[in-house]
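Topology and contacts: notes
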Amino acid sequence: LTPPRGARALARSDLDPHQILRYGDRAISTQFHPEFTASTMRAYLDAREDVLQGEDYDVEKLRGEVRETPDARELLARFAVYALSLRMKAAKAAIHGQQLRDRTPQKKREISNHSGTS
């Protein structure tokens, strides 16, 4: 797999040199599922057992290899905090911009009122 032009690898593993890719300032992709817990993965294996066996996977072996992935969970948590901080900055900027627009007519009214009473 070759990432698209301009994409930057943020994380790699022995199996994949592109575990996390950044595309510009606003898009990131992962080649794994940091939201999966061990119980989520076991439920997935249970639900897809017939399909996986049909694709020659040893489902019992896979079940035995399922482990919690605290690094992935921590990565997801840090990403969520980062993404929310960007949303907060954007919201503050929008509010600030709105306040500036709201003040402008008020100032114009004050100037007009003062100039008419002199």
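Since this is a predicted model, take the numbers as computed values, not measurements.

**Some thoughts on the sheet that holds strand β3 (residues 27–30)**
Spatially, β1-β2-β3 is the arrangement adopted by the three strands of the open sheet, whose pairing is antiparallel. A strand with exactly one partner marks an edge of an open sheet, and here the two such strands are β1 (7–11) and β3. Within the sheet, the average angular offset between the axes of one strand and its neighbour, ignoring direction, is 25 degrees. Bridge analysis of β1 against strand β2 (residues 20–23) gives four bridges, and the strand direction is antiparallel. Bridge pairing in β2 links A7 to Y23.

**Description of the pairing of β3**
Looking at chain direction, β2 and β3 are connected through four bridges and run antiparallel. Paired with Y23 across the bridge in β3 is A27. Remark: three residues form the turn of the hairpin made by β2 and β3, two consecutive strands paired antiparallel; G24 in that turn has positive phi of roughly 70 degrees.

**Description of the pattern of salt bridges**
Following the criterion strictly, the structure yields four salt bridges and no others. Salt-bridge contacts for R63 lead to D46; the nearest nitrogen and oxygen are separated by 2.8 Å. With R63 in helix α3 (residues 59–65) and D46 in helix α1 (residues 38–47), this pair connects stretches of sequence that are 17 residues apart. With a shortest N-O distance of 3.6 Å, K61 and E65 are connected by a salt bridge. Taken together, the residues K61 and E65, both in helix α3 and four residues apart, mark about one turn of the helix. Residue classification places K61 among the exposed positions, given a relative accessible area of 51%. Members of the salt-bridge network, linked through shared partners, are D46, E49, E60 and R63.

Scoring rules and cut-offs
Residues numbered from 1 in each chain as written. Predicted model: local features only at pLDDT ≥ 70, side-chain atom pairs only at ≥ 80, totals over all residues. Heavy atoms only, no water. Pairing = 2+ DSSP bridges. Helix = DSSP H or I, 4+ residues; strand = E, 2+ residues; numbered from the N terminus. Axes fitted to C-alpha atoms, helices over the stretch in contact; angles between N-to-C directions. Salt bridge = Lys/Arg side-chain N within 4 Å of Asp/Glu carboxyl O. Buried < 20%, exposed > 50% of the residue type's maximum accessible area, 1.4 Å probe, protein only.

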